[in-house]
Amino acid sequence: GITELDPIRHRLLFERFLNPDRISMPDIDIDFADDRRAEVIRYVRDKYGRDAVAQIITFGTMGAKSVIRDVGRIMGLAVGDADRLAKMITDVKWGLKDALQKNAEFKQAYDEEEVTRELIDTALLLEDQTRSVGVHAAGVVIGDRPLDEFIPLCRGKENEVVTQYAMGPLTDLGMLKMDFLGLRTLTIMQEAVRLIHVANPDFNIDTIPTDNKAAFDIYNRGETLGVFQMESGGITSCCKRFDVGCIEDIIAVGALYRPGPMQFIPEYIERKKGLKKVEYLHPLLEKVCAETHGIIVYQEQVQLAASVLAGYSLGEADLLRRAMGKKDAEKMEKERARFVAGCEKHNNITPKVADAIFGFIAKFAEYGFNKSHSAAYGWISYQTAYLKAHYPREFMSAMLTFDASTTERLTEVIGECRRMEIPVRPPDINSSDLKFSPETSGDGIRFGLASIKNVGAGAMESAIAERNKGGEFASLDSFCSRLDSRTVNRKILESLVKCGAFDCLGKSRAQLFAEIESTMASAASLQRDRASGQVSLFGDMPLMPSKASVVNAAVEPWPQLEMLKYEKELLGYYVSGHPLDSYAGHFDSGKYNTISQVTQATENGSFKLAGLIMSVEKKFSKKDSKPFGILVLEDFTGSLEITAWDETFAKNIALLVPGTAVSINIRATLREEAVRATAGAMAALKPKASVKAVRLRLQRTLIDEAALQTILAVVKKNQGIRPLILEFALPDGRVFEIAAGEEFNVGDERTIRAAVAHFAPTT
């Protein structure tokens, strides 16, 4: 929530604003829950005056690709023709002149096609010109007097006051700019806490223990989806190697995992785990960087080192930090001499040692991160890990409500719920809330009614209010008669039926769907009678069954695939199953890459996928009119468009049918930060049931030939159908795994774990 901003801090800020040297004043960043940013801006306007606060304008320009498409549209060209030229600009950093110089195909089109030459010549005149204006996502200007005394103002689309100067000129004028940053994570935490308070009203996210092992284990196991700033593959791997054991470790990971300081991560981990001795050029440096194992990670450490060793004031030390960070050679030489002299004067450190210390500090100062920033973000990160460890259903419910705005993200979050063995169940008109929420009587999460496509939040608010007032809906007739027909229309009702929200009524979705028209007509008639004051002899009884309820009593249920298709269309994912469920064993085997691995790839490569063909579009090449196919493949993690060129298309024509499960080799090429996939060999998949593997983590230092023989004997005595995966933990924190062959499949997991506990202290 919003708290009173420190008045002393604000007074100091405004004193600095009025200072003649205000042009050098830095911007101020403040983070808030992203759904309350407008509330924060209103607060600031009320506090400092509506005429002293304004948001900041932004100017959108015509880039190389967009100007090609815009000019093509004005010239009346087909969308495909302009798009063909735009796609030739394969580097996002290129302008049109760069493309003409570096792309032979683009230059050839310019030289040989008269219409293309006219288009590009016109586009060259317009490139980088202002195309649109907008409002900066976070920037706000605050003055100590009406802003029109300093800068020109205007009104934005929402009638808000906006500066006519963009960020750069405002900086040149020395205006105080504050970034009110909307963090979606804070909104998710806020929603998770609201859900926790339903059962535990005393819970306070700000007073959770700071040494919780379960929260630290989230990092160490790499289960960081949803953990603030720790979700990417690289930083997840870093966390697993880091052996997080305290808040300071999380803060350090956030500061180190950036382009510059990443080079120090391996050495940091080795020192942290005692694999490499920590040595200091001078004993006083231990006071500065003992907590970071002799490596300077934070800017504050640079300042402390200058103060402790050379007698700098903190203000002078900050100037030193800036000079080091900017690699200002002239200032650096002056500061080096001053530092060496200060070390000798205050601590009797010889010039040779002092010079070496200066070089040591400068090496890390270039990449040093602001610890106060890293600590604030580290604390938020820890809070999310704590919520995920101790309140998983509430936390994942909040994530689904606010963080699953795209189908890809929704699939990813639901996949994490599946891994955590938290079922995400379909919406239920009698038990779902407006948002995703933990089931009150169950172990899963219930889909939020407002998240169903084609179903508005307003209509569902009315439905929930009526349910709370008059009890559960006993039938489709009950639902329609109790709600205003102007609130719940046919499209909403069809969507609710198709996605399974009325399954609780005990009828098939096909049967309910067939009853919609007559049920709505009966309900509308009853509501008209009520409005006109007519009261039936049986007015205090439930609505009589409509004709549809009787006539369509034996409607044939929809096929499973059709039901799943509707669920995917309206909910964004499959609820009552997945078309690939009967093939899940193939995915558990580890033989196949996932589509999410392909889409998140950072370089070109080959992958082996398994999935369901959702669609196939037959096309013909322009050059020789040979047929080829564009197919969409889907697995449990997402979908991918794949091109099957003429030979591959012809060879596999029998497999390229929607609804067919296949294995397929692809070549993935990164284009414009997207993936272009080309099909290779493919084959049909046979159904294979899913069996959860048993994963044994073993301490590598305890494993020798005799230990392996002991483990092998235990496995052979407990054979079964579950695949066995051996994970070997190395002393430096890295883990590598080996999937045992099918002949080593095991049965009872507890028996296996008990037998190998001596070799697996990390399990």
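Below or above, wherever it landed, is the structure these notes cover. Along each chain, residue indices are assigned from 1 in the same order as the chain's sequence is written. This being a predicted model, a pLDDT of at least 70 is required before a residue's local features are given, and a value of 80 or more before pairs of side-chain atoms are given or counted; all residues contribute to the totals for chains, interfaces and linings. With hydrogens and water set aside, each side-chain value is computed from the structure's full complement of heavy atoms.

### Topic: the nonpolar core
Using the following cut-off: Buried Ala, Val, Leu, Ile, Met, Phe, Trp, Tyr and Cys residues that are joined via side-chain atoms within 4.5 Å together make up what is termed a nonpolar core. Categorising residues by exposure relies on relative accessible area from a 1.4 Å probe, with only protein chains included: less than 20% of the type maximum marks a residue as buried, more than 50% marks it as exposed, and the intermediate range marks it as partly exposed. Strands here mean DSSP runs of E at least two residues long; helices mean DSSP runs of H or I at least four residues long; both are numbered from the N terminus.
Counting residues in each nonpolar core, the largest one holds 118 residues, and the members touching the most others are Phe479 and Phe502. The element best represented in this core is helix H18 (residues 351–365), accounting for eight residues. Residues Val598, Leu655, Leu656 and Ala668 belong to the second largest nonpolar core, which totals 21 residues.

### A look at the pairing of strand E15 (residues 694–699)
What counts is decided by this rule: We call two strands paired when DSSP finds no fewer than two bridges between them.
Side chains Val694, Leu696 and Leu698 of E15 all project onto a buried face; the interleaved residues Arg695, Arg697 and Gln699 project onto a face where none is buried. As judged from the six bridges shared by E15 and strand E17 (residues 724–729), these two strands associate in the parallel manner. Counted as the bridge partner of leucine 696 is leucine 726 from E17.

### Section: helix H13 (residues 265–272)
Put simply, the test is: Each C-beta atom gives one direction from the helix axis, and the arc is the one those directions make. Contacts are assigned to residue pairs that have any heavy atoms within 4.5 Å of one another.
For H13, the set of buried residues is Ile265, Tyr268, Ile269 and Arg271. Take H13 and look down its axis: the buried residues cluster within an arc of 165°, on one side only. Considering only its buried residues, H13 is in contact with helix H11 (233–242) and helix H12 (247–256). At the exit of H13 stands glycine 274, carrying a positive phi of roughly 80°.

### Brief notes about the sheet that holds E15
Test applied: Angles shown run from 0 to 180 degrees and are taken between the N-to-C directions of axes, each axis being a line fitted to C-alpha atoms and, for helices, limited to the stretch in contact.
In spatial order, the strands read E15-E17-E18; together these three strands make up an open sheet with mixed pairing. Edge positions in the sheet fall to E15 and strand E18 (735–739), since each has one partner strand and no second. For this sheet the average axis-to-axis angle between neighbouring strands, irrespective of direction, equals 25°.

### A few points about the packing of helix H3 (residues 64–74) against helix H7 (residues 114–126)
So the rule is basically this: Angular relationships are summarised with four words: roughly parallel below 35 degrees, roughly antiparallel beyond 145, roughly perpendicular across 65 to 115, and oblique for the angles in between. Here a crossing is called left-handed whenever its near helix is offset anticlockwise from the far helix by less than a right angle, and right-handed whenever the offset is clockwise.
At a closest axis distance of 9 Å, the pairing of H3 and H7 adopts a crossing angle of 120°. Classified by the angle their axes make, H3 and H7 are oblique. The two elements H3 and H7 meet at a crossing, and its hand is right-handed. Contacts between H3 and H7 involve Val67, Ile68, Val71 and Gly72 on the former and, on the latter, Leu119, Ile120, Thr122, Ala123 and Leu126.

### With respect to the sheet that holds strand E9 (residues 445–446)
Strand order in the open sheet made by the three strands is E7-E9-E8, with mixed pairing throughout. The sheet is open, and its two edges are formed by strand E7 (424–425) and strand E8 (437–438), each paired on a single side. Pairing of E7 with E9, which is carried by two bridges, proceeds in the parallel orientation. Looking across to E9, one finds that valine 424 is bridged to isoleucine 445.

### Some thoughts on the packing of aromatic side chains
For any two aromatic rings, the description comes down to two numbers: the centre-to-centre distance and the angle of the planes. Cut-off, in case you're wondering: In this scheme Phe, Tyr and Trp rings, the latter by its six-membered ring, pair at centre separations within 6.5 Å, and the angle between planes marks the pair as stacked below 30 degrees, edge-to-face above 60, and tilted otherwise.
Using the criterion set out here, one finds 19 aromatic pairs in the structure. Taken together, a centroid distance of 5.0 Å and an interplanar angle of 75° make the contact between phenylalanine 228 and tyrosine 377 edge-to-face. With phenylalanine 228 in the loop between helix H10 (213–220) and H11 and tyrosine 377 in helix H19 (residues 371–390), the pair connects residues that are 149 residues apart, well separated along the chain. Overall, the relative accessible area of 8% leaves phenylalanine 228 in the buried class.

### Considerations on the side chain of arginine 45
Applied cut-off: Asp and Glu count as negative and Lys and Arg as positive, but His and the ends of the chain are not part of the count. The term salt bridge refers to a side-chain nitrogen of Lys or Arg lying within 4 Å of a carboxyl oxygen of Asp or Glu.
For arginine 45, the location among the structural elements is in helix H2 (residues 37–48). Within the buried core, arginine 45 has no salt-bridge partner, and the shortest N-O distance to an opposite charge, that of glutamate 160, equals 7.3 Å. Apart from the residues lying within four places of it in its own chain, the contact partners of arginine 45 are Arg50, Val53, Ala54, Gln55 and Val161.

### Comments concerning the environment of glycine 182
Note that glycine 182 resides in strand E6 (residues 176–183). The exposure class assigned to glycine 182 is partly exposed, which follows from its relative accessible area of 39%. The spacing of glycine 182 and alanine 138 is 44 residues in sequence and 7.3 Å in space, taken between C-alpha atoms.

### Considering H19
Each turn of an α-helix holds 3.6 residues, which means side chains three or four residues apart point in the same direction. Basically, it comes down to this: Helix span, expected: 1.5 Å multiplied by one less than the number of residues in the helix.
Here H19 is 20 residues long and its end C-alpha atoms lie 28 Å apart, about the 28 Å a rise of 1.5 Å per residue gives. For H19, the set of buried residues is Ser374, Tyr377, Gly378, Ile380, Ser381, Tyr382, Gln383, Thr384, Ala385, Tyr386, Leu387 and Lys388.

### Details of the environment of arginine 393
Under the convention used in this document: A 3.5 Å cut-off defines polar contacts: any pair of N or O atoms within that distance qualifies, except that in protein one atom must be a possible hydrogen donor and the other a possible acceptor, and neighbouring residues in sequence count only when both atoms are side-chain atoms.
With respect to the secondary-structure elements, arginine 393 resides in helix H20 (residues 392–402). Once the C-alpha coordinates of arginine 393 and valine 424 are considered, the two residues, 31 residues apart in sequence, prove to be 9.7 Å apart. When sequence neighbours within four positions are dropped, the list of residues in contact with arginine 393 reads Ile422, Pro438, Glu439, Gly442, Asp443, Gly444 and Ile445. A distance of 3.0 Å separates the side chain of arginine 393 from the backbone oxygen of glycine 444, its partner in a polar contact.

### Thoughts on unusual backbone geometry
Unusually for a residue other than glycine, aspartate 243 sits at a positive phi of about 60°. Of note, aspartate 243 is situated in the loop between H11 and H12. Its identity is not glycine, yet histidine 293 carries a phi of approximately 60°, on the positive side.

### A closer look at the packing of H11 against H12
What counts here: Residue classes follow a fixed rule: Ala, Val, Leu, Ile, Met, Phe, Trp, Tyr, Cys and Pro count as nonpolar, while Asp, Glu, Lys and Arg count as charged, and any other residue, Gly among them, counts as polar.
Relative to each other, H11 and H12 sit at 140°, their axes nearing to 11 Å. What the angle tells us is that H11 and H12 run oblique. Classified by chirality, the crossing of H12 by H11 is right-handed. Side by side, H11 and H12 meet where Ile235, Cys238, Cys239 and Phe242 of the first sit next to Asp249, Ala252, Val253 and Leu256 of the second. Residues that form the contact of H11 with H12 fall into these classes: seven nonpolar, no polar and one charged.

### Points about the pattern of salt bridges
On inspection of all chains with the given rule, the structure shows 35 salt bridges. Here lysine 388 makes a salt bridge to glutamate 416, at a shortest N to O gap of 2.6 Å. One end of the pair, lysine 388, is in helix H19; the other, glutamate 416, is in helix H21 (residues 407–419), with 28 residues separating them in the sequence. Like glutamate 416, lysine 388 is buried. Of the charged contacts, one joins glutamate 494 and arginine 490 as a salt bridge, the two residues approaching to 2.9 Å between their closest N and O atoms. Here glutamate 494 pairs with arginine 490, and both are found in helix H24 (residues 490–498), just four residues apart, close to one helical turn. Note on glutamate 494: relative accessible area 18%, which makes it buried. It is possible to trace a salt-bridge network through shared partners that takes in Arg221, Glu223, Lys388, Glu416 and Arg419.

### Examining empty space enclosed by the protein
Where empty space is left becomes clear once a probe the size of a water molecule has been rolled over the atoms. Test applied: Of the grid points, spaced at 1 Å and generated over the protein atoms alone, those admitting a 1.4 Å probe that cannot get out make up cavities, while open sets with protein on both sides within 12 Å along at least five of seven lines make up pockets; any residue with an atom within 4 Å of a point is treated as lining. Grid points are joined across faces, edges and corners, and a volume is the space filled by probe spheres set on the points.
For the structure on display, the rule yields three cavities of 30 Å³ or more. A volume near 120 Å³ is recorded for the largest cavity. Surrounding the largest cavity, Thr411, Ile414, Arg418, Lys568, Gly572, Tyr573, Tyr574, His578, Glu634, Asp635, Phe636 and Gly638 form its lining. Elements represented by at least two residues in the lining of the largest cavity include exactly H21 and strand E11 (627–635). When residues in the lining of the largest cavity are grouped by element, the largest group, three residues, is from H21. Here the residues of the lining of the largest cavity sort into four nonpolar, four polar and four charged.

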